[in-house]
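One-letter residues, chain by chain:
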Amino acid sequence: MGEPIGHERGRMSLSTRTAVAVHALTFLARWHDDGLQPSAKIAESLESNPVLVRRILGMLQAKGLVTALEGSGGGWQLARPAERITLRDAYAAVEDGTSILPTHAHPPSRNCVIGRHMQALLEDEFTAAQSAMEERLMQTSIADMLDRVLGRERTGPAADR
C-alpha cells in the first residue's frame, strides 16, 4: 500500500494511499449512524489487508480526521462531520508532501543549454500543477463523495460505464 503502481486506465498513479484514505473516510461517513466500524469491515470493502488499512487509518487519526476505540466493540469513526473533511485533507494526511510529478532522477548536464535550465523550469511547472490539484481536492468533501456513491448506486451498474 502506498507503493508506486503502474498505469491504470491510462493514468500513472504514484501512490494508493490517498485512494484508500478517501475510500475509508467515505465508508465511515456511510455507516456513521451505525457507530464504530472495525477496520476489518473497511478492509473488506477495499478488498485489502486489515493491517494495511489500519496503517492508513492511523495516519488519518494523527491528522484528526478519524478517531478510534480499541478493544472489544471498538472501531473507527469520523472525528468531524463528513461535510468538513475534504479530499485535500485526506491527501495531506497520508502523502509525504513531495510532488506527485517527478523531476530528473539526477541533475542534467550543466554543459547543455537545455540541461542547465530544465530542472528549474520543470520544478516551476510541477509546483503549479501540484497547487492546482490540491486546490481542486479542497472543493470536494467526503459528504460529496458519499452523495455521489449513493447516486451511482441508485442508477445501477450502467453508471459505471
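See above for the structure.
Remember, it's a predicted structure, so these values are computed and weren't measured experimentally.

The rules we used
- Residues numbered from 1 in each chain as written.
- Predicted model: local features only at pLDDT ≥ 70, side-chain atom pairs only at ≥ 80, totals over all residues.
- Heavy atoms only, no water.
- Salt bridge = Lys/Arg side-chain N within 4 Å of Asp/Glu carboxyl O.
- Buried < 20%, exposed > 50% of the residue type's maximum accessible area, 1.4 Å probe, protein only.
- Helix = DSSP H or I, 4+ residues; strand = E, 2+ residues; numbered from the N terminus.
- Axes fitted to C-alpha atoms, helices over the stretch in contact; angles between N-to-C directions.
- Parallel < 35°, antiparallel > 145°, perpendicular 65-115°, else oblique.
- Contact = heavy atoms within 4.5 Å.
- Nonpolar A, V, L, I, M, F, W, Y, C, P; charged D, E, K, R; others polar.

(A) Structural context of the pattern of salt bridges. Under the criterion given, the structure shown has three salt bridges. For the salt bridge of D89 with R80, the shortest nitrogen-to-oxygen distance reads 3.2 Å. Exposure remark for R80: the relative accessible area of 23% places this residue in the partly exposed category. Here E134 ties to R88 by a salt bridge, and the two come within 2.7 Å at their closest N and O atoms. Of this pair, E134 sits in helix 5 (residues 113-137) while R88 sits in helix 4 (residues 87-94), and the two are 46 residues apart along the sequence. Judged by relative accessible area, which is 17%, E134 ranks as buried.

(B) View of the packing of helix 1 (residues 17-30) against helix 3 (residues 50-62). Where helix 1 meets helix 3, the axes come as close as 10 Å, and the angle between the chain directions of the two elements is 75°. It follows that helix 1 is roughly perpendicular to helix 3 by the angle criterion. When helix 1 is examined against helix 3, the residues R17, V20, A21, A24, L25 and L28 are found in contact with a partner set consisting of I56, L57, M59 and L60. Among the residues making up the contact of helix 1 with helix 3, the classes are represented as nine nonpolar, no polar and one charged.

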